[in-house]
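Residue strings, one per chain:
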Amino acid sequence: MTSRSPGGPLAVHYQRMPLETFLNELLVAGFMLERLIEPRPTPGLRELDETAYNKLHEAPCFLAVRLLRP
């Protein structure tokens, strides 16, 4: 899937899959998981949209991983 920025040529490529599938594919490929983070919204979002802030704070929709290849 690709999301295009309406104001420019930037594209974000993403794929939805179960966490189990995502991590297993990385581990089978030989990577070691060093860190997993679910980024939370910044306090600035609370000022703009408190409902969105609360929703994303309790149920983040992004995942960041730091991997090592031994």
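My aim in this report is to walk through the structure given alongside it, one point at a time. Every value quoted in this text rests on a predicted model; they were computed, and no experiment measured them.

1. Quick word on the overall build of the chain
Line of reasoning, step 1. Scanning the chain from terminus to terminus reveals 3 helices and 4 strands.
Line of reasoning, step 2. By residue count, 7% of the 70 residues in the chain fall in the buried class.
Line of reasoning, step 3. Of all intrachain contacts in the chain linking residues separated by at least 6 positions in sequence, the fraction that spans at least 24 positions is 51%.

2. Some words on the pattern of salt bridges
Line of reasoning, step 1. Counted according to the given criterion, the structure contains 1 salt bridge.
Line of reasoning, step 2. The partner of E34 in a salt bridge is R66, with the nearest N and O atoms 3.1 Å apart. Here E34, found in strand β3 (residues 32-37), pairs with R66, found in strand β4 (residues 64-68); they are 32 residues apart in sequence, far enough to count as distant.

3. Section: the environment of M32
Line of reasoning, step 1. Its place among the elements puts M32 in strand β3.
Line of reasoning, step 2. Look past the residues within four positions of M32 in its chain and what remains in contact with it is R66, L67, L68 and P70.

4. Let's talk about the environment of N54
Line of reasoning, step 1. In this structure, N54 sits in helix α3 (residues 50-58).
Line of reasoning, step 2. Spatially, the C-alpha atom of N54 lies 9.8 Å from that of R40, the residues being 14 residues apart in sequence.

5. Concerning the environment of G30
Line of reasoning, step 1. Of note, G30 is situated in the loop between α1 (19-28) and β3.
Line of reasoning, step 2. Each C-alpha atom of the pair G30 and L67 lies 9.8 Å from the other, and the pair is 37 residues apart in sequence.
Line of reasoning, step 3. Filtering out sequence-adjacent residues up to four positions away, G30 remains in contact with L68, R69 and P70.

6. What about a nonpolar patch on the surface?
Line of reasoning, step 1. Taken together, L19, L27, L33, L36 and L63 make up a surface patch of nonpolar side chains, about 410 Å² in accessible area.
Line of reasoning, step 2. Only α1 and β3 provide two or more residues apiece to the nonpolar patch.
Line of reasoning, step 3. Positionally, L19 belongs in helix α1.
Line of reasoning, step 4. The exposure class of L19 is partly exposed, given its relative accessible area of 45%.

Cut-offs applied
- Residues numbered from 1 in each chain as written.
- Predicted model: local features only at pLDDT ≥ 70, side-chain atom pairs only at ≥ 80, totals over all residues.
- Heavy atoms only, no water.
- Helix = DSSP H or I, 4+ residues; strand = E, 2+ residues; numbered from the N terminus.
- Buried < 20%, exposed > 50% of the residue type's maximum accessible area, 1.4 Å probe, protein only.
- Contact = heavy atoms within 4.5 Å.
- Salt bridge = Lys/Arg side-chain N within 4 Å of Asp/Glu carboxyl O.
- Patch = residues over 30% accessible without salt bridge, like charges linked within 9 Å, V, L, I, M, F, W, Y side chains within 5 Å.
- Areas by Shrake-Rupley, 256 points an atom, 1.4 Å probe, with all protein chains shown as cover.

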